[in-house]
Amino acid sequence: MTIRQYLEEHREEMINFLAELVAVRSVQNKPNGEYPFGKKPAKALQRMLRKCEEMGFIVENIDNYVGSADYNSKEPALAILTHLDVVPEGTGWDSDPYILKRSDGRLIGRGTCDDKGPAVSALFALKAVSELCKPLKKGVRLIFGTNEENGSADLVYYRKKRNLPPMVFTPDGEYPVINAEKGMIRVYFSAPFFDDLIIVSGKIINAVPEKCVAGYEGHMMFLCDGKSAHASTPEKGENAITKFLEEYSREFKNPLLCGLARLFPHGETDGKSCGLGFSDDISGKMTCVLSMLNANKVTGIKGGIDIRFPLDRTFEEISGIICKSLENAGFTIDSCEGTEPHVTDQNSEFVQSLLRVYERVTGDKGRCIAIGGGTYVHEIDGGVAFGAEFPNEDGNMHSANEFITEENLLKNAEIMAEAIIEICG
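What you are looking at is a predicted structure, and each value in this text was computed from that prediction instead of being measured.

Procedures and definitions
- Residues numbered from 1 in each chain as written.
- Predicted model: local features only at pLDDT ≥ 70, side-chain atom pairs only at ≥ 80, totals over all residues.
- Heavy atoms only, no water.
- Pairing = 2+ DSSP bridges.
- Helix = DSSP H or I, 4+ residues; strand = E, 2+ residues; numbered from the N terminus.
- Axes fitted to C-alpha atoms, helices over the stretch in contact; angles between N-to-C directions.
- Contact = heavy atoms within 4.5 Å.
- Phe/Tyr/Trp six-rings, centres within 6.5 Å; stacked < 30°, edge-to-face > 60°.
- Buried < 20%, exposed > 50% of the residue type's maximum accessible area, 1.4 Å probe, protein only.

Visitor: So what exactly am I meant to see when it comes to the sheet that holds strand β4 (residues 101-103) here?
Guide: In a beta sheet, neighbouring strands pair by backbone hydrogen bonds and run either parallel or antiparallel. Sheet architecture is open: three strands sit in the order β4-β5-β25, paired in antiparallel fashion. Two strands in the sheet have a free side with no partner beyond their single neighbour: β4 and β25 (403-405). Adjacent strand axes in the sheet meet at a mean angle of 25 degrees when their direction is disregarded. As judged from the three bridges shared by strand β5 (residues 106-108) and β25, these two strands associate in the antiparallel manner. By the bridge assignment for β25, Ile 108 is matched with Phe 403. Lying over the sheet, helix α10 (residues 406-424) contacts β4, β5 and β25, oriented at roughly 75 degrees with respect to β25.

Here it is, written out as structure tokens:
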């Protein structure tokens, strides 16, 4: 029996298990005793580890931060890193985001593409290898995190407790292989606000806001609709905050809001008006998204900005420019954190092994690509993203009606199984 045949036989089991995981609204919440990111992310992790144990793997739960499943007792040479937390559901869904919907070959629900679907594929890939192949010469570890969407504190905790294997890939990006990722900066700013206007927009910093509501006590005056998108690809969405600011600046004269309107013109996504707008030949244009804005007399005005900058720039340079621009507009910088760009040598044996597997399974040419989105391996030396979206596909990650196709759920598992054999067989 081939790996693909094995996966076809277990198609319904894979889909049913994915449905169980999707049903858990594993959005980060406040720490609660033994649950560092709230009960629901921990619940998803516990369900995954129970399934891994049922399949015969050696499991470990590290304080509800991270869990792992080992193929055998050997020191792992390879880790496949996935996460079970998700972003909030937002609006615009055609069905319940936490009830898996099968429609025309699609599996629709929050987390199906990012990253519960790939986690299920990784698990069944390892199970297929254990059932069909000779014992591996090297160990393999599946790692399941619960805080990727909100800073990856889970992975920081894991690395304090355990060593990562020398080779790590995450199916939390795109094929063929992502070996280069832009640097990331997240800026939170504030100022006193004496206007009677109330503004509410943006729930998470790494997504283009889809709605902005503003008005006075008991009377909504503005409702701007946009389109959500991942903050690394803001051109795919429409920013409801900048849309509101464009309209507001014509009607009112609050200096703070007018300043934001000048720094973040509607439709501009590279931060040029803030003094940024850089690009390079490998990673392309940078992105700069005003993704959060809330204002009222009591708490003042508070905002958040997500920036992805090219490989040839530094955190110090970019953070200095954006913070100075905000300060000149009357704001205080509450925090400015980020990471430098990440690059793994495309000629390494690890990367070349993954490219060979991709070409063998898909029949398409393998190549390395650079992205703006920071994947789970951004701060892991030698780490890369390998899948789970295929070229020219969009599974509505971080948006309404997120999905993975049944075909790709299985194909991802097939590719990961072949990668395990190639590297550890």
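Right, picking up where we left off after that structure.
Visitor: Is there a simple way to explain the packing of aromatic side chains in this structure?
Guide: Both the distance between ring centres and the angle between the ring planes are used here to describe each pair of aromatic rings. Counted according to the given criterion, the structure contains eight aromatic pairs. Seen from their ring centres, Phe 37 and Tyr 65 are 5.4 Å apart, and the 80 degrees between their planes marks the pair as edge-to-face. One end of the pair, Phe 37, is in the loop between α2 (11-22) and α3 (39-54); the other, Tyr 65, is in the loop between β1 (58-62) and β2 (66-70), and 28 residues separate them in sequence. By relative accessible area, Phe 37 is classed as buried at 8%. With 5.2 Å between their ring centres and 85 degrees between their planes, Tyr 175 and Phe 386 make a pair best called edge-to-face. Highlighted residues: Tyr 175 in the loop between β8 (173-174) and β9 (177-181) and Phe 386 in the loop between β23 (384-385) and β24 (388-389), separated in sequence by 211 residues.

Visitor: Mind showing me how you'd approach the sheet that holds strand β13 (residues 211-216) here?
Guide: The seven strands lie next to each other as β14-β13-β11-β18-β19-β10-β20, forming an open sheet whose pairing is antiparallel. Here the strands that pair on one side only, and so sit at the sheet edges, are β14 (219-225) and β20 (332-339). Looking at each pair of strands side by side, their axes are set apart by 20 degrees on average, direction ignored. Here nine bridges tie strand β18 (residues 287-296) to strand β19 (residues 300-309), and the two strands are oriented antiparallel to one another. What sits directly across from Leu 290, in β19, is Ile 305. The strands touched by helix α8 (residues 315-328) within the sheet are β10 (183-191), β18, β19 and β20, with β20 carrying the most contacts at an inclination of about 160 degrees.

Visitor: Can you walk me through unusual backbone geometry in this structure?
Guide: In most cases, non-glycine residues show a negative phi, while peptide bonds are predominantly trans. In this structure, Pro 176 follows Tyr 175 across a cis peptide bond, with omega equal to 5 degrees. By the element assignment, Pro 176 lies in the loop between β8 and β9. Put simply, Gly 387 and Ala 388 share a cis peptide bond, and its omega is 10 degrees. Take Ala 388: it is sitting in strand β24. The phi dihedral of Asn 64 falls on the positive side, at around 65 degrees, and the residue is not glycine. When you line up the elements, Asn 64 lands in the loop between β1 and β2. The buried category is assigned to Asn 64, whose relative accessible area is 7%. For Asn 392, which is not glycine, the phi dihedral falls at a positive 65 degrees.

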